[in-house]
Amino acid sequence: MRERRLIAIVVLCCAVIAVVLLFPQLSSAQNGGFGQKGGDPDTPPPPYNPYPPGILPSDLNSEIARVLREVDFIESEALAQLRTLPPPTLTNQPPLLAHTGQRLNVLVGKALNFDRNISPFKDRACGFCHMPYAGFSGPIPSVNLTMIAYPGSYQFRAGKRTAQRYTYSPSFPVLNYNQTQQAFFGGNFWDSRATGYLLGSPDANQAQGPPVDTQEHALPDTACVAFRLQSAVYKSFFIELWGDDINTIKFPQNTEEICEVPGGASVFGTDTMPIKLSSSDRAIANHVYDHWGQSLDQYEASPDVSAFSSKFDAFLHSPTANPLSADEMAGYNLFRGKANCNSCHLDGRSTAPTPPPPQGNAPNSTDTGAAASTAPLFTCFGSANLGLPLNPRDAIYYQNTPDFFGFTANPFGFAFRDLGLGTFLRSGPGSWASPNDDWTQFAPLNDGRMQTSTARNVAMVPPQCPTTEAPGPYFQKEFFHNGYIKSLKQLVHFYNTRDAFPFPTITSGHCPAGTTEKVDCWPMAEVKNNEDMTIGMLGLTDMEENQIVAFLQTLTDGFTTPFPDINTFTGVCMTGGIAATQGNDFLIPTPPLPPCATAICGVPPLPTMPIP
């Protein structure tokens, strides 16, 4: 009897120890219900790794460490620039920071962008996913090849899309529906969910997303930003710009403990404001968060990021003094003619006229009109469904089990479908709530549509890796919202041949023997609804595709003046292979796909046709 009791006590003790080790947040319920000091680098939680072998790159930890060192370097540079900046003079009505006020705002935004304290574990800054040498997009070549989305503050949670470029994003207007054109224009993010309806700037609105995104910075409450800014090394500059009301917020004693637990943790339940503030303090914290977004927007709008300093800009200024090469000029003529690129990536000129069939379904003559803009943005600010195949490498598909904090990013697994703008208009999972119910009716006509990014800086790479294209030396990037395309050659070839080599019943990784995926085999679209049919069979030759790539490379900033922080890359270039099949060694077979989850495709108004 005594022996049985002893065994029972031992078993009970082991169970208690296991619970404490696995769920330390439960052991501190008496302290407000929040768990371990997640921000303590000496006691990080165990990594979340639901991924099968090969999804996470083998060099991920060392590459994370590299990028964090680069982030710290640029933050130090921003602090040095702030300290040497002559202070502005407050004058005028309305109040104006004269002389250096604009530069102060830009540099505060730069400091914010590279501050990794704005995350639970103090290990992620905005710049971690958006580094200058990659056109302010993803800086880790192996991630661009494999898991697509970047690992957040709690490793290895990750998002579902590629890191979109910052450059020229402040130029996108507030999202609105154009009744005449029957299309949405504006917003930020791939799905345009950062509408800008409140701040008047989609870009400032976008900057407010990552700090509290469960897969990115993962702070559990926007007030954590104001709390962390109270002890930031650049706090005095923030106050000089925006005022000192940040100092008046009376935060509860457990605020740091709360901010060290990533968003989505089960301990928070459905509470999106776990920091309990008075109404006046919450209002101040919200204003601080608005200022966070506004300063980041001004950094991204400045020549430090959106420079208009490319070879193409120099050519526009003086074609005689700064001519394009023969291939670049041929590519430009194709871009605004036969290839039809200019119908979405606007260069300030008309797209060349289209002859009637059978000559072609896309423009194939040259526009000889004068340039209508001296600063073309190479986007129409709209959205399109290009028919990209589902990419089974995307990390989001595997995050279908609870992590250490009891959070499940994607309970649908491979039943997840990325409907882009359509999901946002329905206020669906993985997006934000729409601020305008009048838009909901248009969701079925926008399923699968993703924002038309600017073509500017699509080819930007570190100087020591002078191209995006194999055999290089090259810097491996990823293109489109799901990173399916790995080189500009593939990108142009996709536009050219999507419908020339269609395989409408197979998924990625299953191209028939005798064909090569991304060369003469394009798997079925993830979302077939609303596909853009102005592309897919352009009739470009291999040489013409290469000439368009040559033109796209002229859109890289840094030709007329050095691009700031372009030399901060400390990684290694890649070599070998050919651009046409770049990254194909990392293709994996898509598993049998379950039907689209009801929570995504079953939300009214329903898609115009079933989404497999």
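Rules behind the numbers
Residues numbered from 1 in each chain as written. Predicted model: local features only at pLDDT ≥ 70, side-chain atom pairs only at ≥ 80, totals over all residues. Heavy atoms only, no water. Phe/Tyr/Trp six-rings, centres within 6.5 Å; stacked < 30°, edge-to-face > 60°. Helix = DSSP H or I, 4+ residues; strand = E, 2+ residues; numbered from the N terminus. Buried < 20%, exposed > 50% of the residue type's maximum accessible area, 1.4 Å probe, protein only. Core = buried A, V, L, I, M, F, W, Y, C linked by side-chain atoms within 4.5 Å. Contact = heavy atoms within 4.5 Å. pLDDT = per-residue confidence, 0-100. Expected span 1.5 Å × (residues − 1). Axes fitted to C-alpha atoms, helices over the stretch in contact; angles between N-to-C directions. Parallel < 35°, antiparallel > 145°, perpendicular 65-115°, else oblique. 1 Å grid on protein atoms, 1.4 Å probe; cavity = no way out; pocket = protein on both sides within 12 Å on 5 of 7 lines; lining within 4 Å. Points joined across faces, edges and corners; volume = space filled by probe spheres on them. Nonpolar A, V, L, I, M, F, W, Y, C, P; charged D, E, K, R; others polar. Disulfide = S-S within 2.5 Å. Arc of directions from axis to C-beta. Salt bridge = Lys/Arg side-chain N within 4 Å of Asp/Glu carboxyl O.

1. Thoughts on the packing of aromatic side chains
Next up, step 1: All told, the structure shown has 38 aromatic pairs when counted by the stated rule.
Next up, step 2: Look at F315 and Y332: their rings are 6.3 Å apart centre to centre, the planes differ by 85°, and that puts the pair in the edge-to-face class. Taken together, the residues F315 in helix α11 (residues 311-317) and Y332 in helix α12 (residues 326-335) connect sequence positions 17 residues apart.
Next up, step 3: For F315, a relative accessible area of 11% gives the class buried.
Next up, step 4: Residue Y332 is classed as buried on the basis of its relative accessible area, which comes to 1%.

2. Looking at the nonpolar core
Next up, step 1: Membership of the largest hydrophobic core comes to 96 residues, with the highest contact counts inside it found for L229, Y234 and W292.
Next up, step 2: Listed by contribution, the elements that provide at least two residues to this core are α3 (60-84), α4 (101-113), α7 (223-229), α8 (235-242), α9 (255-259), α10 (279-301) and α16 (598-601).
Next up, step 3: Ranked by residue count, the leading element in this core is α3, at 9 residues.
Next up, step 4: Among all residues touching Y234, those that are not within four sequence positions of it are E75, L79, L82, A111, L112, D115 and L229.
Next up, step 5: The next biggest cluster of nonpolar side chains, apart from the first, holds 33 residues, and it includes L334, L491, F494 and L555.

3. Concerning the confidence of the model for the protein chain
Should pLDDT be low for a region, the predicted coordinates there are not to be read in detail.
Next up, step 1: Per-chain confidence: the protein chain averages 92 in pLDDT, with 90% of residues scoring 70 or above.
Next up, step 2: Contacts for the low-pLDDT stretch residues 1-32, under 50 throughout, to residues beyond four places or in other chains number 20 contacts.

4. Re α4
Next up, step 1: Across its 13 residues, α4 extends 18 Å between first and last C-alpha, which sits within 8% of the 18 Å expected from 1.5 Å per residue.
Next up, step 2: When you tally the buried positions in α4, you get 11 out of 13 residues, the bulk of the element.
Next up, step 3: Taken together, the buried positions of α4 are occupied by G101, L104, N105, V106, L107, V108, G109, K110, A111, L112 and N113.
Next up, step 4: Against the buried residues of α4 lie α3, β2 (96-98), α7, α8 and α10.

5. Some words on the environment of C465
Next up, step 1: Mapped onto the fold, C465 is located in the loop between β6 (450-451) and α14 (488-497).
Next up, step 2: With a relative accessible area of 0%, C465 lands in the buried category.
Next up, step 3: For the pair C465 and T575, spaced 110 residues apart in sequence, the C-alpha separation works out to 9.4 Å.
Next up, step 4: With sequence-adjacent residues up to four places away left out, C465 is seen in contact with P473, Y474, F475, F569 and C573.

6. Overview of the packing of α4 against α10
Next up, step 1: One way to put it is that α4 packs onto α10 with a least axis distance of 7 Å and a crossing angle of 105°. Classified by the angle between their axes, α4 and α10 sit roughly perpendicular to one another. Touching N105, V106, V108, G109, K110, L112 and N113 of α4 are W292, S295, L296, Q298, Y299 and E300, all from α10.

7. Some details on the layout of surface pockets
Next up, step 1: Counted as a void, the second largest pocket has a volume near 350 Å³.
Next up, step 2: Lining the second largest pocket are 19 residues, with Q553, T556, D557, G558 and F559 sitting closest to its centre.
Next up, step 3: Class assignment of the residues belonging to the lining of the second largest pocket gives a composition of 10 nonpolar, 6 polar and 3 charged.

8. A look at unusual backbone geometry
Most of the time, phi is negative for any residue but glycine, and the peptide bond is trans.
Next up, step 1: Geometrically, the link from Q93 to P94 is a cis peptide bond, its omega value of 0° lying close to zero.
Next up, step 2: Inspection of the secondary structure assignment puts P94 in the loop between β1 (89-91) and β2.
Next up, step 3: Residue F156 is reached from Q155 by a cis peptide bond, and omega for that bond is 10°.
Next up, step 4: By the element assignment, F156 lies in the loop between α5 (141-145) and β3 (176-178).
Next up, step 5: Of note, the phi angle at S192 is positive, near 65°, even though the residue is not glycine.
Next up, step 6: By the secondary structure assignment, S192 is in the loop between β4 (183-185) and α6 (202-207).
Next up, step 7: Positive phi outside glycine occurs at F308, with the angle close to 50°.
Next up, step 8: On the accessibility criterion, F308 (31% relative accessible area) is partly exposed.

9. Description of the state of the cysteines
Next up, step 1: Under the criterion given, the structure shown has 4 disulfides.
Next up, step 2: Across a sulfur-sulfur distance of 2.2 Å, C224 and C259 are joined as a disulfide pair. Note on the C224 and C259 pair: the S-S dihedral is about -95°, so by sign convention the disulfide is left-handed. Of this pair, C224 sits in helix α7 while C259 sits in helix α9; the two residues are 35 residues apart in sequence, bridging distant segments of the chain.
Next up, step 3: Given a relative accessible area of 0%, C224 falls into the buried group.
Next up, step 4: Two residues, C465 and C573, share a disulfide whose sulfurs are 2.0 Å apart.

10. Points about α8
Next up, step 1: Turning to α8, its buried residues are F237, F238 and L241. Down the axis of α8, the sector holding all buried residues measures 100°, keeping them to one side.
Next up, step 2: Downstream of α8 by a residue or two, G243 has a phi angle that is positive, lying close to 95°.

11. Description of the pattern of salt bridges
Next up, step 1: All chains considered together, the criterion is met by 23 salt bridges.
Next up, step 2: Between D72 and R116 there is a salt bridge, with the nearest N and O atoms lying 2.6 Å from each other. Residue D72 is located in helix α3, and its partner R116 is located in the loop between α4 and α5; the two are separated by 44 residues in the primary sequence.
Next up, step 3: The partner of D123 in a salt bridge is R124, with the nearest N and O atoms 3.9 Å apart.
Next up, step 4: Residue class for R124 comes out buried when judged on its relative accessible area of 2%.

12. Description of the environment of L324
Next up, step 1: Counting through the fold element by element, L324 comes out in the loop between α11 and α12.
Next up, step 2: Classification of L324 as buried rests on a relative accessible area of 11%.
Next up, step 3: Taking the C-alpha atoms as reference, L324 lies 23 Å from A579; in sequence the two are 255 residues apart.
Next up, step 4: Not counting residues within four places of it along the chain, the set of residues in contact with L324 comprises K311, F315, M329, Y332 and T554.

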